[in-house]
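# Coordinate analysis (summary)
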Amino acid sequence: MDIWKNFNSYYADLYCFARRMLFSHEKAEDIAQETILRFVRDKSGRLNGEPARKWLFVVARNLCISDLRSSSKNREIPIENHERASGSDPSVDILEDERNKKIEQALSQLSDDMREIIILREYEGMNYREISGIINCPAGTVKSRLARARTELQKLLAPFMED
């Protein structure tokens, strides 16, 4: 599996990861582009398949962490408009948008470590071994952090589940 055959998929995955970590379309684009540029510059283009994907996510993660550290602790989370699919039911779209906003708000209240684990597992579909390689910690630690993150996320979303 050649990375260049899957370039669009990798770029989209990196963008989505950064967007969910930083809550910013512009910053996510910058992170995804910088990650790809570093891949090319560092001659990591010789990597293919899973090693390439892991390398890309490690770099994107490090760039996100750097951005989070440099930004203020009281960061504001922008509410972005999502385009509707043509022919879709507007009332369903409104409910879906509202649900997504509540989830994003809850995610923003998690620590960076917890949010990262949730994003990699639930949104990127990575297994414990893959996450372990990206965040450089044992799989057991990934499992325990994920359990704590899910519990915290459930607590944050509980008020909305009662509606």
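This text follows the structure it describes.
Structural notes, computed from the coordinates. (Residues numbered from 1 in each chain as written. Predicted model: local features only at pLDDT ≥ 70, side-chain atom pairs only at ≥ 80, totals over all residues. Heavy atoms only, no water.)

### Observations regarding the packing of aromatic side chains
As enumerated under the stated definition, the model contains two aromatic pairs in all. A centroid spacing of 5.7 Å and a plane angle of 70° characterise the contact between F17 and F57, whose relative ring orientation is edge-to-face. Placement of F17 in helix α1 (residues 7-22) and of F57 in helix α3 (residues 49-70) is noted, with a sequence separation of 40 residues between them. Each of the two residues, F17 as well as F57, counts as buried. If you follow R121 out to its NZ or CZ, it ends over the ring of Y128, 4.6 Å from the centre. (Phe/Tyr/Trp six-rings, centres within 6.5 Å; stacked < 30°, edge-to-face > 60°. Helix = DSSP H or I, 4+ residues; strand = E, 2+ residues; numbered from the N terminus. Buried < 20%, exposed > 50% of the residue type's maximum accessible area, 1.4 Å probe, protein only. Lys NZ or Arg CZ within 6 Å of the ring centre and 35° of its normal.)

### A look at the packing of helix α2 (residues 25-41) against α3
Direction vectors running N to C along α2 and α3 enclose 135°, while the axes themselves pass 9 Å from each other. Considering the angle they form, α2 stands oblique to α3. For the pair α2 and α3, the sense of crossing is right-handed. Seen from α2, the contacting residues are K27, I31, E34, T35, I36, R38 and F39; seen from α3, they are A52, W55, L56, V59, A60, L63, C64 and D67. Across the contact of α2 with α3, the residue classes tally to ten nonpolar, one polar and four charged. (Axes fitted to C-alpha atoms, helices over the stretch in contact; angles between N-to-C directions. Parallel < 35°, antiparallel > 145°, perpendicular 65-115°, else oblique. Left-handed = near helix turned anticlockwise from the far one by under 90°. Contact = heavy atoms within 4.5 Å. Nonpolar A, V, L, I, M, F, W, Y, C, P; charged D, E, K, R; others polar.)

### Describing the side chain of D67
Relative to the assigned elements, D67 resides in helix α3. Residue classification places D67 among the buried residues on the basis of a relative accessible area of 19%. Residues in contact with D67, not counting those within four places in the same chain, are L22 and K27.

### Considerations on the nonpolar core
Within the largest apolar cluster, 41 residues are counted, with the highest numbers of intra-cluster contacts made by F17, L120 and I135. At the level of elements, α1, α2, α3, α4 (90-109), α5 (112-123), α6 (128-135) and α7 (139-161) are the ones that each hand at least two residues to this core. Here this core takes eight residues from α3, the largest share from any one element. Ignoring sequence-local partners within four residues, the contact set of F17 consists of F57, A60, R61, C64, E116, I119, L120 and E124. (Core = buried A, V, L, I, M, F, W, Y, C linked by side-chain atoms within 4.5 Å.)

### Quick word on the pattern of salt bridges
Under the counting rule described, the total for this entry stands at eight salt bridges. For D67, the salt bridge is made with K27, and the minimal N-O distance between the two is 3.3 Å. Of this pair, D67 sits in helix α3 while K27 is found in helix α2, placing the two residues 40 residues apart along the sequence. We note a salt bridge from K102 to E98, for which the minimum N-O separation is 3.2 Å. In this pair, K102 and E98 are both assigned in helix α4, four residues apart and thus about one turn of the helix distant. Accessibility expressed as a relative area gives 22% for K102, which makes it partly exposed. Overall, the relative accessible area of 37% leaves E98 in the partly exposed class. (Salt bridge = Lys/Arg side-chain N within 4 Å of Asp/Glu carboxyl O.)

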